[in-house]
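Structural overview
Each chain, letter by letter, is given below.
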Amino acid sequence: MRTVRRSALIDRPIPEPSALPRRAPLPAHHPDPVLDVVVPVYNEEHDLEPCVRRLHAHLGETFPYAFRITIADNASTDGTPRIAARLAAELPGTDFIRLAEKGRGRALHTAWSRSRAPVLAYLDVDLSTDLAALLPLVAPLISGHSDIAIGTRLARGSRVVRGPKREIISRCYNGLLRGTLAVGFSDAQCGFKAVRRDVAERLLPLVEDREWFFDTELLVIAERAGLRIHEVPVDWVDDPDSRVHIVSTALADLRGMARLGRALACGRLPLSALRRSGGDLDGELPAGLARQMVRFAAVGVASTLCYLLLYTVLRPATGAQAANALALLASAVANTAANRRLTFGVRGRGGALRHHLKGLAAFLIGLALTSGSLTVLHHTAPGTGHRVELLTLVAANLAATLLRFLLFRAWVFPARPTTGPSAP
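Report on the accompanying structure. (Residues numbered from 1 in each chain as written. Predicted model: local features only at pLDDT ≥ 70, side-chain atom pairs only at ≥ 80, totals over all residues. Heavy atoms only, no water.)

**A closer look at the pairing of strand β3 (residues 94-99)**
With 5 of 6 residues buried, β3 lies mostly within the body of the structure. Looking at chain direction, strand β2 (residues 67-74) and β3 are connected through 6 bridges and run parallel. Among the inter-strand pairings, threonine 70 is bridged to a residue of β3, identified as aspartate 95. Running through helix α3 (residues 80-90), the crossover from β2 to the neighbouring parallel element β3 is right-handed. (Buried < 20%, exposed > 50% of the residue type's maximum accessible area, 1.4 Å probe, protein only. Helix = DSSP H or I, 4+ residues; strand = E, 2+ residues; numbered from the N terminus. Pairing = 2+ DSSP bridges. Right-handed = clockwise from strand over helix to strand, strands pointing away.)

Here it is, written out as structure tokens:
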């Protein structure tokens, strides 16, 4: 029995990761294990042996490459370590590590950090997920198509057997993720995931959680960095003997979402350095004009409402021209920040000051259009009512918005040329 202490990667300061190379398929004749499947366990003396033997038999019959199974014990206090050590001695390609502290994320972080297999995976010891989905899960990673693969219980092709309580909790959690962190993947918590090792080496130092939020945090960071996440619909049967404490886990997840949201908003994560180089889209800019226009329009609607509200509040105290200038300035700063992140996909602090200064130049053009429209209105129709003022400002803002979009796209956030393939 071996004791593996906390990985040194956890305690070191987070380095600035280097850019990921282009994805490439693994060779057909790979000399070492291609896949390392981690089974994290805590006090699972009854389920561990049938799970590992079934997994080992399945891989031996269906997986075309060499593989390894790693049992990662989370400080169990029953007979789990003894059974795990015996399985590692009996079954070829089976390994065992024992951690001094609990936490599924800690077990995965440690096992994945020490593995040299090019594809890393994990599954829950209860085998709730049908093993027939294991090869489809890892195939896109072996072929070089994707960076991460996840099983999903919420896709149309999935077949799930579980009670209404867990179904509601799962859907609410994933809906909350979409609403707060704007994620695109469908199921963050299914215990059936895989990742390429080159991706894991760069992601793991950025993931702080060592318990149940580990999966979610890793996926959110990967998605924000523009990495490709492949989803596999799975057949899944709920384990009635689940050890997950729903209330404490939910509270920990909410704290994790708040912490991760703050880190993303403040640009503390080096996402740009995680993007693929040489041939892959870098993920920094949305692909098409239509998508940019839709997002720009949504941001524009929100900032226009903000502008009108501020103008209405400020006008009685400052007058029309001053209220217009102050409201437009505040909404323009917020508009630039929102478009920088949501429309043009620029994250982090790099170039933020330059972008905001250019955004303020676009603001001055908008100020000239709206102020000029007010001047013309007051000169041609003195004593005009508040409603006519607002309609005039809305029309002027529409013209300024169109011009601002063109300036943002061509000048403030210009598209970078695509990098060609790296030289061999």
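**Details of the packing of helix α6 (residues 164-181) against helix α9 (residues 246-265)**
At a closest axis distance of 11 Å, the pairing of α6 and α9 adopts a crossing angle of 10°. In this view, α6 runs roughly parallel relative to α9, as classed from their interaxial angle. Across from Lys165, Ile169, Tyr173, Leu176, Leu177, Thr180 and Leu181 in α6, the residues of α9 making contact are Ile246, Asp253, Leu254, Met257, Leu260, Gly261 and Leu264. (Axes fitted to C-alpha atoms, helices over the stretch in contact; angles between N-to-C directions. Parallel < 35°, antiparallel > 145°, perpendicular 65-115°, else oblique. Contact = heavy atoms within 4.5 Å.)

**Section: α6**
In an α-helix, one turn spans 3.6 residues, which is why side chains three or four residues apart end up on the same side. For α6, which comprises 18 residues, the first-to-last C-alpha distance of 25 Å matches the rise-based estimate of 26 Å (1.5 Å per residue) to within 8%. When we look at burial in α6, the residues that qualify are Ser170, Tyr173, Asn174, Leu177 and Leu181. One side of α6 carries all its buried residues, which in axial view fall inside an arc of 85°. For α6, the exposed residues lying more than 90 degrees away from the buried face are Pro164, Lys165, Ile168, Cys172 and Gly179. Buried residues along α6 sit against α8 (214-224) and α9. Phi turns positive one or two residues past the end of α6, at alanine 182, with a value near 55°. (Expected span 1.5 Å × (residues − 1). Arc of directions from axis to C-beta.)

**Some points on the nonpolar core**
Counting residues in each nonpolar core, the largest one holds 43 residues, and the members touching the most others are Trp112, Ile148, Leu203 and Ile221. If you list the elements that add at least two residues to this core, you get β3, α4 (104-114), β4 (119-123), β5 (148-152), α6, α7 (197-203), α8 and α9. Per-element accounting of this core gives the leading share, 6 residues, to α8. Discounting residues that sit within four places of it in the chain, tryptophan 112 has contacts with Val38, Leu120, Ala121, Tyr122, Val195, Leu204, Phe214 and Leu218. Counting residues in each nonpolar core, the second largest holds 40 residues, with Leu35, Cys51, Leu123 and Leu141 among its members. (Core = buried A, V, L, I, M, F, W, Y, C linked by side-chain atoms within 4.5 Å.)

**With respect to the pattern of salt bridges**
In this structure the tally under the stated criterion is 21 salt bridges. A salt bridge links glutamate 389 to arginine 315; the nearest nitrogen and oxygen atoms lie 3.1 Å apart. Of the two residues, glutamate 389 is situated in helix α13 (residues 386-412) and arginine 315 in helix α10 (residues 289-318); the sequence distance between them amounts to 74 residues. Note on glutamate 389: relative accessible area 2%, which makes it buried. One salt-bridge network, in which partners are shared between bridges, spans Glu49, Arg53, Arg86 and Glu90. (Salt bridge = Lys/Arg side-chain N within 4 Å of Asp/Glu carboxyl O.)

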